[in-house]
Amino acid sequence: PAAACSVAGDYRIPTNLELVDGADMILLATVDGGTAIGAIDDPDAMRIDISPVASIKGDIAAAPTSLPIALAPVTLAILSHPYDLEHAHPLSQTGGCIRYMVPQGSRVLFFLNRSDDGWAPAGGPFSRWAEDVLTDDAPWLQVVRLYAEAAALRASDRTAYLTARRDEYAARHDDPVAQLIAADIARQLAGPNPPLRGELPPAPDGTGD
């Protein structure tokens, strides 16, 4: 139901910091219902119903209550890997190169941009624009909040802020989640991602609960 995508060889997948910086709204919401894949013939009619929980960026009063993607059928109700902070959801490797199906009942962190028709996915192909975060201490939620703080700083102050946060997490030697977060911050400090050069990004090794 989603149109296939093709990206130029010099396309760069946005880093997580770039994704946060470029989004007009970052919204935590639960998926209440909507249109299931296969239930309609017109992809433009796909919708999910959501209930906003919190806004990490943007005014929650302006948050949407529906989005132009679909509910995943049971066979494709795959949750994001909770400890993969680098790669987008596996379904971004199909169709339109972004995740366009989410499970009913999940809690998802959506990155959104304003469009003439309302709210639309931010980030572009292969970005982490919609990842499941089922707990309040989910690593993805932690780093997005951190990057939102960094993005609100002057550009000249971001490197020092991120370096300090990386070092804080890296010092927690017995905490594997802290090590994952430190590694992701290090990726942001390294700068933009390299261009795809015609190659698709590697698919994640697995999915989480």
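The rules we used
Just so you know, the residues in each chain are numbered from 1, in the order the chain's sequence is written. Per-residue local features of the predicted model are confined to residues with pLDDT of at least 70, and side-chain atom pairs are confined, for both listing and counting, to 80 or more; whole-chain, interface and lining totals are unaffected and use all residues. To get the side-chain values, take all heavy atoms of the structure and skip hydrogens and water. For helices, the axis comes from a line fit to the C-alpha atoms of the stretch in contact; other axes are also lines fit to C-alpha atoms, and the angle between any two N-to-C directions lies between 0 and 180 degrees. Numbering of helices and strands runs from the N terminus, with a helix taken as a DSSP run of H or I at least four residues long and a strand as a DSSP run of E at least two residues long. Roughly parallel here means an angle under 35 degrees, roughly antiparallel means over 145, roughly perpendicular means 65 to 115, and every remaining angle is called oblique. Crossing handedness is read from the near helix: turned anticlockwise from the far helix by less than a right angle, it gives a left-handed crossing, and turned clockwise, a right-handed one. Two residues form a contact once any of their heavy atoms are found within 4.5 Å. Under the scheme applied, nonpolar residues are Ala, Val, Leu, Ile, Met, Phe, Trp, Tyr, Cys and Pro; charged residues are Asp, Glu, Lys and Arg; polar residues are all the others, including Gly. Put simply, two rings from Phe, Tyr or Trp (the six-membered ring, in Trp's case) pair if the centres are within 6.5 Å, and we call them stacked under 30 degrees between planes, edge-to-face over 60, tilted for the rest. Throughout this description, buried means an accessible area under 20% of the type-specific maximum (1.4 Å probe, protein chains only), exposed means over 50%, and partly exposed covers the range between. Any Lys NZ or Arg CZ that is within 6 Å of a ring centre and within 35 degrees of that ring's normal is treated as a charge sitting over the ring.

Q: Could you give an account of the packing of helix 2 (residues 139–151) against helix 4 (residues 176–189), naming the residues involved and the relevant values?
A: At their nearest, the axes of helix 2 and helix 4 sit 11 Å apart, and the two run at 40° to each other. The orientation of helix 2 with respect to helix 4, classified from their angle, is oblique. In the crossing of helix 2 with helix 4, the sense of the turn from one axis to the other is right-handed. Within the contact between the two elements, helix 2 uses P139, Q142, V143, L146 and Y147 and helix 4 uses V177, I181, D184, I185 and Q188. Here the contact of helix 2 with helix 4 is composed, by residue class, of seven nonpolar, two polar and one charged.

Q: Go over the packing of aromatic side chains, please, and point to the residues and values.
A: What the rule picks out here adds up to two aromatic pairs. Plain terms: the ring middles of F110 and W129 are 5.7 Å apart, the flat faces sit at 45° to each other, and that makes the pair tilted. Residue F110 is found in strand 6 (residues 107–115), and its partner W129 is found in the loop between strand 7 (118–121) and strand 8 (130–132); the two are separated by 19 residues along the sequence. The same class applies to F110 and to W129, which are both buried. Aromatic pair F111 and W140: ring centres 6.0 Å apart, planes at 45°, arrangement tilted. With a gap of 29 residues between them, F111 in strand 6 and W140 in helix 2 connect regions that are remote in the sequence. Judged by its relative accessible area of 0%, F111 is buried. Overall, the relative accessible area of 3% leaves W140 in the buried class. Just above the ring of W140 sits the side chain of R128; from NZ or CZ to the centre is 4.0 Å.

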